[in-house]
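Each chain is listed here by its residues.
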Amino acid sequence: MLSPIEKASLLWITQGKSVDDIGLLAGRPVAEINFHLSNVCASLGAVSLADAIEKAKLSHEDPKDKRRVGP
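Residues numbered from 1 in each chain as written. Predicted model: local features only at pLDDT ≥ 70, side-chain atom pairs only at ≥ 80, totals over all residues. Heavy atoms only, no water.

Trainee: Can you explain the confidence of the model for the protein chain? Please cite residues and give values.
Mentor: In regions of low pLDDT, the predicted coordinates are not meant to be interpreted in detail. Looking at the protein chain, the pLDDT average stands at 85 and 83% of residues meet or exceed 70. Confidence, expressed as mean pLDDT per element, reaches its minimum in the protein chain at helix α4 (residues 49-58) with 86 and its maximum at helix α2 (residues 19-26) with 94. (pLDDT = per-residue confidence, 0-100. Helix = DSSP H or I, 4+ residues; strand = E, 2+ residues; numbered from the N terminus.)

Here it is in C-alpha cells:
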C-alpha cells in the first residue's frame, strides 16, 4: 500500500509537476520526494513513473485519492 505522500507525489506527477514543485507543495526536501517516488516504483514493480501510474490505477492505489498530503 502506498503512503499518503507517495500517492500525492504520483498525483502531482500526473499533473505535470516536477520533483522540485512536489517538494515545495509537500514542504519536503527534493531528495525525500525522489526517495518516495523510487519506493512507489519498487512497491508496484514498475520500471518507470509512467508504469507506476498505470499499475497504481490497476491496483486501486489510484493517485487521485481525495486525501491531501502537505500543508
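Trainee: Lay out the pattern of salt bridges in plain terms, naming residues and giving numbers.
Mentor: In this structure the tally under the stated criterion is two salt bridges. With a closest N to O distance of 2.9 Å, Glu32 and Arg28 form a salt bridge. The salt bridge partner of Lys57 is Glu54, with a shortest N-O separation of 3.7 Å. Pair noted here: Lys57 and Glu54 are both in helix α4, with a separation of three residues, about one helical turn. (Salt bridge = Lys/Arg side-chain N within 4 Å of Asp/Glu carboxyl O.)

Trainee: I'd like a rundown of the side chain of Ser9, residues and numbers included.
Mentor: Topologically, Ser9 is positioned in helix α1 (residues 4-14). Owing to a relative accessible area of 0%, Ser9 belongs among the buried residues under this scheme. Once you skip the residues sitting within four places of it in the chain, Ser9 turns out to touch Ile22, Ile33 and Leu37. (Buried < 20%, exposed > 50% of the residue type's maximum accessible area, 1.4 Å probe, protein only. Contact = heavy atoms within 4.5 Å.)

Trainee: With reference to specific residues and values, describe the packing of α1 against α4.
Mentor: Taken N-terminus to C-terminus, the directions of α1 and α4 make an angle of 115°; their axes are 11 Å apart at the nearest point. As summarised for this structure, α1 and α4 are arranged roughly perpendicular, according to the angle between their axes. In the crossing of α1 with α4, the sense of the turn from one axis to the other is left-handed. Packed against α1, whose contacting residues are Leu10, Ile13 and Thr14, the element α4 presents Leu49, Ala52, Ile53 and Ala56 at the interface. When the residues that make up the contact of α1 with α4 are grouped by side-chain class, the tally is six nonpolar, one polar and no charged. (Axes fitted to C-alpha atoms, helices over the stretch in contact; angles between N-to-C directions. Parallel < 35°, antiparallel > 145°, perpendicular 65-115°, else oblique. Left-handed = near helix turned anticlockwise from the far one by under 90°. Nonpolar A, V, L, I, M, F, W, Y, C, P; charged D, E, K, R; others polar.)

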